[in-house]
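Listed below, chain by chain, are the residues.
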Amino acid sequence: MRIDILTVLPELLDSPFAHSIIKRAQAKGVAEIHVHNIRNYTTDKHRTVDDYPFGGTAGMVMKVEPIFHLISKLKSEREYDEIIFMTPDGKTHNQLIANELSTLQNIIILCGHYKGVDHRVREHLITREISVGDYVLSGGELAAAVVVDSIIRLIPGAISDETSALSDSFQDNLLSAPVYTRPAEFNGWKVPDVLLSGNAKEIEKWQEEQSLERTTRLRPDLLIK
Ligand code: ADE
């Protein structure tokens, strides 16, 4: 899968993709992430990416031209399945959307900044809008990093043990059961006996019960879905 991220602050995305699963997925060729600086696609000498809004509301608005030039260049090189805009008024991201996006070949993610983006970008270029929650971030970069991470870990080969991503919380609308590692007792705090029993059937039954109990108690809304 190839992901092109469009931003005015590429430095913000240096770290999120340079470690752990996402780094390894790129090294293995499972995923390609390309970060593009929108400022490199301006045509004026001041390299302007934003301007005052018509109508005089507060804040600056991202200009349509550099975004159009960058997206046009990318589209001339390959076909894209989705062109996504990260925005707090988009559809709230969830595991279902991550699953769907992880099956695509090429996607573009546009990170918003300032007061927003010229609405013609959203009307004519964007195919999908995603939010990471009902709060406002300073820009779409961190939101894009969240979405990209959630997608890449699902691509076959990204995680050595594929069942590990499939058993993530939310994959079946259930929270995961608690996990423990050695030592079996620390500070008087004990690991549940059943996990030390070696009885695979009993362990699975306990994990299912825990999963259901935690979901009922902490996220009953998931069960209604
Ligand atoms: N940009 C600013 N806030 C955002 C949010 N909550 N989700 C996605 N993009 C954003």
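Computed from a prediction, not measured in an experiment: that's the story for all the values here.

### Quick look at the environment of Asp168
Alright, step 1. Examined against the element boundaries, Asp168 turns out to sit in the loop between helix 6 (162-166) and strand 9 (185-186).
Alright, step 2. For the pair Asp168 and Phe186, spaced 18 residues apart in sequence, the C-alpha separation works out to 26 Å.
Alright, step 3. Not counting chain neighbours up to four residues away, the residues in contact with Asp168 comprise Arg153 and Ser176.

### A few points about the domain arrangement of the protein
Alright, step 1. Assigned domains of the protein: these are domain 1 (2-152) and domain 2 (169-224).
Alright, step 2. Relative placement of domain 1 and domain 2: their C-alpha centres are 37 Å apart.

### Focus on the packing of aromatic side chains
Alright, step 1. With the rule as written, the count across this model stands at 1 aromatic pair.
Alright, step 2. Seen in terms of ring centroids, Phe186 and Trp189 are 5.6 Å apart; in terms of plane orientation they differ by 70°. Their pairing is edge-to-face. Here Phe186 matches Trp189 in class, with each residue exposed.

### A word on the sheet that holds strand 8 (residues 128-131)
Alright, step 1. Across the sheet, 5 strands lie side by side as 2-1-6-5-8; this open sheet has parallel pairing. Each having just a single partner strand, strand 2 (32-37) and strand 8 make up the two edges of the open sheet. Across this sheet, the average inter-strand angle for adjacent strands is 30°, counted without regard to direction.
Alright, step 2. By the bridge criterion, 5 bridges tie strand 1 (residues 2-7) to strand 6 (residues 106-111) in an arrangement that is parallel. If you follow Asp4 over to strand 6, its bridge partner there is Ile108.
Alright, step 3. In the packing of helix 2 (residues 64-77) onto the sheet, the strands contacted are strand 1, strand 2, strand 5 (82-92) and strand 6, and the crossing angle to strand 1 comes to about 165°.

### Some details on the site of the ligand
Alright, step 1. Around the ligand, the structure places 13 residues, and the nearest of them are Thr87, Val132, Gly133, Tyr135 and Leu137.
Alright, step 2. The backbone of Thr87 places a nitrogen or oxygen atom 3.2 Å from a nitrogen atom of the ligand.
Alright, step 3. In the model, a nitrogen atom of the ligand is placed 2.8 Å from a nitrogen or oxygen of the Tyr135 main chain.
Alright, step 4. Starting from 260 Å² of accessible surface for the ligand in isolation, the protein chains cover 96%.
Alright, step 5. With 3 residues, strand 5 is the largest single contributor of residues to the shell around the ligand.
Alright, step 6. Classifying every residue of the shell around the ligand gives 8 nonpolar, 5 polar and no charged.

### Notes on the environment of Thr57
Alright, step 1. Note on placement: Thr57 falls in the loop between strand 3 (50-51) and strand 4 (61-62).
Alright, step 2. Since its relative accessible area comes to 55%, Thr57 is described here as exposed.
Alright, step 3. Sequence separation of Thr57 and Leu166 is 109 residues, and the distance between their C-alpha atoms is 46 Å.

### As for the pattern of salt bridges
Think of it this way: side chains of opposite charge can pair up when their charged atoms draw near.
Alright, step 1. Under the counting rule described, the total for this entry stands at 13 salt bridges.
Alright, step 2. Here Glu32 ties to Arg2 by a salt bridge, and the two come within 3.6 Å at their closest N and O atoms. Taken together, the positions of Glu32 in strand 2 and Arg2 in strand 1 put the pair 30 residues apart, joining distant regions of the chain.
Alright, step 3. When its relative accessible area of 41% is taken as the criterion, Glu32 is described as partly exposed.
Alright, step 4. Arg2 gets classed as buried once you look at its relative accessible area, which sits at 13%.
Alright, step 5. When the shortest N-O distance is used, the salt bridge between Asp118 and Arg120 registers 2.6 Å.
Alright, step 6. Residue classification places Asp118 among the buried positions, given a relative accessible area of 17%.
Alright, step 7. One network of salt bridges, with partners in common, ties together Arg2, Asp4 and Glu32.

### Some details on a nonpolar patch on the surface
Alright, step 1. The grouping of Leu9, Leu12, Tyr135, Leu137 and Leu142 at the surface amounts to a nonpolar patch, some 430 Å² of accessible area in total.
Alright, step 2. In this fold, Leu12 is placed in the loop between strand 1 and helix 1 (20-27).
Alright, step 3. On the basis of relative accessibility, which here comes to 37%, the residue Leu12 falls in the partly exposed class.

Criteria and cut-off values
- Residues numbered from 1 in each chain as written.
- Predicted model: local features only at pLDDT ≥ 70, side-chain atom pairs only at ≥ 80, totals over all residues.
- Heavy atoms only, no water.
- Helix = DSSP H or I, 4+ residues; strand = E, 2+ residues; numbered from the N terminus.
- Contact = heavy atoms within 4.5 Å.
- Domains from an automatic or database assignment.
- Phe/Tyr/Trp six-rings, centres within 6.5 Å; stacked < 30°, edge-to-face > 60°.
- Buried < 20%, exposed > 50% of the residue type's maximum accessible area, 1.4 Å probe, protein only.
- Pairing = 2+ DSSP bridges.
- Axes fitted to C-alpha atoms, helices over the stretch in contact; angles between N-to-C directions.
- Near = heavy atom within 4 Å.
- Polar contact = N/O pair within 3.5 Å; in protein donor to acceptor, adjacent residues only side chain to side chain.
- Areas by Shrake-Rupley, 256 points an atom, 1.4 Å probe, with all protein chains shown as cover.
- Nonpolar A, V, L, I, M, F, W, Y, C, P; charged D, E, K, R; others polar.
- Salt bridge = Lys/Arg side-chain N within 4 Å of Asp/Glu carboxyl O.
- Patch = residues over 30% accessible without salt bridge, like charges linked within 9 Å, V, L, I, M, F, W, Y side chains within 5 Å.

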